[in-house]
Structures are given as structure tokens and as C-alpha cells.
Amino acid sequence: MRAVVVERYGNPASVAVVERLGPEPAAGEVVVRAEAMGVGYVDVMASRGLYAYFPGPGSSPGLEIAGVVESTGPGVPPELVGRRVLGLPAFGGLAELVTVSADRVLPLDDGVESEVAVALGVNALVAEIGLRRAGVDAGRRVLVRGAGGGIGALATQIAAAHGARVTAVTSGPDRARRLLASGATRTVGRDEGPALERDVDIVVDPVGGSALADHLRLPAANGHYVLCGAAAGAPSGADLEVVMEMFHSSPTLHAFSLNSVAPADLRASWGRVSALVGSGRNPGCRRGALPAHRGTGRAARRRTGRRLRQGGAAPVRAF
Ligand SMILES: NC(=O)c1ccc[n+]([C@@H]2O[C@H](COP(=O)([O-])OP(=O)(O)OC[C@H]3O[C@@H](n4cnc5c(N)ncnc54)[C@H](OP(=O)(O)O)[C@@H]3O)[C@@H](O)[C@H]2O)c1
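Residues numbered from 1 in each chain as written. Predicted model: local features only at pLDDT ≥ 70, side-chain atom pairs only at ≥ 80, totals over all residues. Heavy atoms only, no water.

(A) Fine view of the packing of aromatic side chains. Summed over the entire model, instances satisfying the criterion amount to three aromatic pairs. Ring geometry for F54 versus F91: centroids 5.1 Å apart, planes at 80°, classification edge-to-face. Taken together, the residues F54 in the loop between α1 (41–47) and β4 (65–72) and F91 in the loop between β5 (84–87) and β6 (97–101) connect sequence positions 37 residues apart. Taken together, Y51, Y53, F54 and F91 form an aromatic cluster joined through their ring pairs. (Phe/Tyr/Trp six-rings, centres within 6.5 Å; stacked < 30°, edge-to-face > 60°. Helix = DSSP H or I, 4+ residues; strand = E, 2+ residues; numbered from the N terminus.)

(B) Here's a closer look at the site of the ligand. Residues in close proximity to the ligand total 27 residues, the closest being G148, T170, S171, R175 and L258. Within the backbone of G148, a nitrogen or oxygen atom sits 2.7 Å from an oxygen atom of the ligand. At 2.8 Å from a nitrogen atom of the ligand is found a main-chain nitrogen or oxygen belonging to F256. In isolation the ligand offers 920 Å² of accessible surface; the protein chains occlude 84% of this area. If you list the elements that add at least two residues to the shell around the ligand, you get α1, α2 (114–133) and α3 (150–161). Take the shell around the ligand: its biggest share by element is three residues, from α1. Here the shell around the ligand spans two domains, and each of domain 1 (2–120 + 262–303) and domain 2 (123–258) adds at least three residues to it. (Near = heavy atom within 4 Å. Polar contact = N/O pair within 3.5 Å; in protein donor to acceptor, adjacent residues only side chain to side chain. Areas by Shrake-Rupley, 256 points an atom, 1.4 Å probe, with all protein chains shown as cover. Domains from an automatic or database assignment.)

(C) Examining the sheet that holds strand β8 (residues 141–144) more closely. Pairing in this open sheet of six strands is parallel, and the strands run β10-β9-β8-β11-β12-β13 from one edge to the other. The sheet terminates laterally at β10 (186–189) and β13 (252–255), the two strands that pair on one side only. Between one strand axis and the next, the sheet turns by 15° as a mean value, whatever way the strands run. (Pairing = 2+ DSSP bridges. Axes fitted to C-alpha atoms, helices over the stretch in contact; angles between N-to-C directions.)

(D) Just the pairing of strand β12 (residues 219–227), in detail. Counting buried residues along β12, seven of its nine residues qualify, which places the element largely inside the surrounding structure. Here β12 pairs with β13 via four bridges, running parallel. From the neighbouring strand, L227 faces β13, where its bridge partner is A255. (Buried < 20%, exposed > 50% of the residue type's maximum accessible area, 1.4 Å probe, protein only.)

This is the structure:
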């Protein structure tokens, strides 16, 4: 089988497609034949040696695949063979055959294409569970940083699908237009965010970086801040002192990683995300899908958002 491998840490040229022996599932595992693979910023970090849980050079990045269960290991019901699933491997997902722990494969509805499944994938799970932990609901004021990115676009749509009023912080007019069309109430430029928006109930932040402290001041009393990524770099401990400065407004900071989520909760979240998925047939919603045969660094389909449906009612546009 073919696999994308980080040969050494560095630039995209250090990532190659190689031939490997197909894996055998161990106890508690399944092997999935991948039809679509998601690529996110986390894979970029892994290939640069910036992600602690990546096993290192010689390994394959990739945290999500959609495909068909090919074989099962001891202790796993053999009836799973032939089922379409979203698989969440602990890396190794950029390969034709991928080993996944059986409790991290989630069922795919027949109507959901594999490309759509990975477009939602990890991003939708982070957004959905993060927002839920923060108590998203109709009328809540939600601010999303990095709203044009994978997690941010899905957080915008899912919060809007709950009836929240979403301020999307993003980097340019095209992204702003798409975010407004996919449910954001308003958009704010990256540099204006901390100055223009105050007293929000929930901040979803996959960006972190040096502007974290400014954004941590945005929640209203009893507000929630979901720090779920570091696309602009890891924040320093000093940034987090803001939380203590705000002691009397009782903020809740959620440092949120999907790695901490129990399998049953992943499955429940995926069920809620799947219920939001509409037809997914709007070609305008599709960007960045690459055929798996195009070679080094492209053997995957980049995750983006997709069309979601609110409770089976009016569709909410996504991108
Ligand atoms: N918590 C978890 O379990 C989990 C799971 C997967 C990934 N992650 C992490 O989440 C982060 C985002 O991942 P992703 O796949 O969503 O990345 P992505 O698609 O690259 O999106 C990141 C977005 O952040 C914004 N951004 C980037 N650099 C910025 C900067 N210097 N200042 C302000 N905004 C900036 C951009 O949005 P705009 O252009 O709209 O401004 C960009 O599109 C990564 O750190 C990743 O490792 C966390």
C-alpha cells in the first residue's frame, strides 16, 4: 500500500509517498481502507516537528479517514467488516490502509460522501464538543477566532445552527463573505477583534498566539473561553494570568483537546454532527479536495466545512 511519510522534519519536500506493507489489526483494532483523508494544520505541525504526540520521522501524519472496514482484530466484532466509517487514528491516517482503535471508528450514514465526512471530521468534533461544553444555545453571543480555518468555519456553522449570534474573526473579505453566508451574524478583521467585541458568552479559539491575552478579556461575567488550538503559536503562561485578573467575573477557561474525549462522547457528538448534515451537494461548498494520486504532500483531501442542516429545517450554508 502507499502511505505519506514524514522522512525528516522540515518543509513539504521532506514528505514523500512510499510503499509499505499493509497493516494487520491487533486486539481491539480495525484496519480501514481509506477513501478520503483529512489534512489539517496539526499535520503541518507534525511534519515540522512541532507536535508532541507525532511519533516522529518515518511515520505518517493524518488524524482522520473515511472509508470501509477491511479487517478486524481479536475482540472486535467481525460484522464491522464492510461498514463505512469515519476513523480517527492516532496519526498514520495518510495511507491507503489505516489501523484504528475500534472505539475510534464512527458510523457513516449512507448519504454522507467520504470527502464530506473528513471535511467535517476532527474539525466538527472539536467545534461541536467545545461549544457544547461552553453551553451554546439560542441567543448566546459567540465569538470565533480563526473563523476562516477548519475548526473556526465549523464552529461558526454549528453555533449558528444552535441559534447563537456569531461574530466571526477572520482575515479577508472573501472569507468574511463566506462566513456571513454560512451563518455568522457579523465578521470582524483579525486585528480589530479584541477592540470591537465585548461581553460575549463564548469564545472559540483555535488560534492562541500572542493575542490570546487580549481575547481572554472578551467574555462577559460567567462566560466561557474554549482554547482549542494554537495556529498562531502556543500562548505563554503569562497570557493566562488574565484569567486570574478576571476572577470576579468568574470566567471558565476550557483547554480543550479531542484526545481527552471518551469514545462514547465522540460517538454522541458525531451523531449530532451527522444530524446537522444536509445534502452536501452544493458544489460551491467544496474547496480544496485533491485526488489521492497527485503525489507528495497531496495524497489527501483537505478538510473544509460542508453544508449543514439545522434540525432538518432550513439548510445553513458552509464552506
Ligand atoms: N483541540 C483539538 O483537539 C484539536 C484538533 C485538531 C486541531 N487542533 C489545532 O487547532 C488549530 C487550528 O487547526 P485548523 O486545522 O483549524 O487550522 P487552519 O485550518 O489552518 O485554520 C487556522 C485559522 O487560524 C487563523 N490564523 C492563522 N494564523 C493566524 C495568526 N497568526 N493570527 C490570527 N489568526 C490566524 C486563520 O483564520 P482566518 O484567515 O479566518 O483569520 C486560519 O485559517 C491548530 O493549532 C491545530 O493543531 C486542535
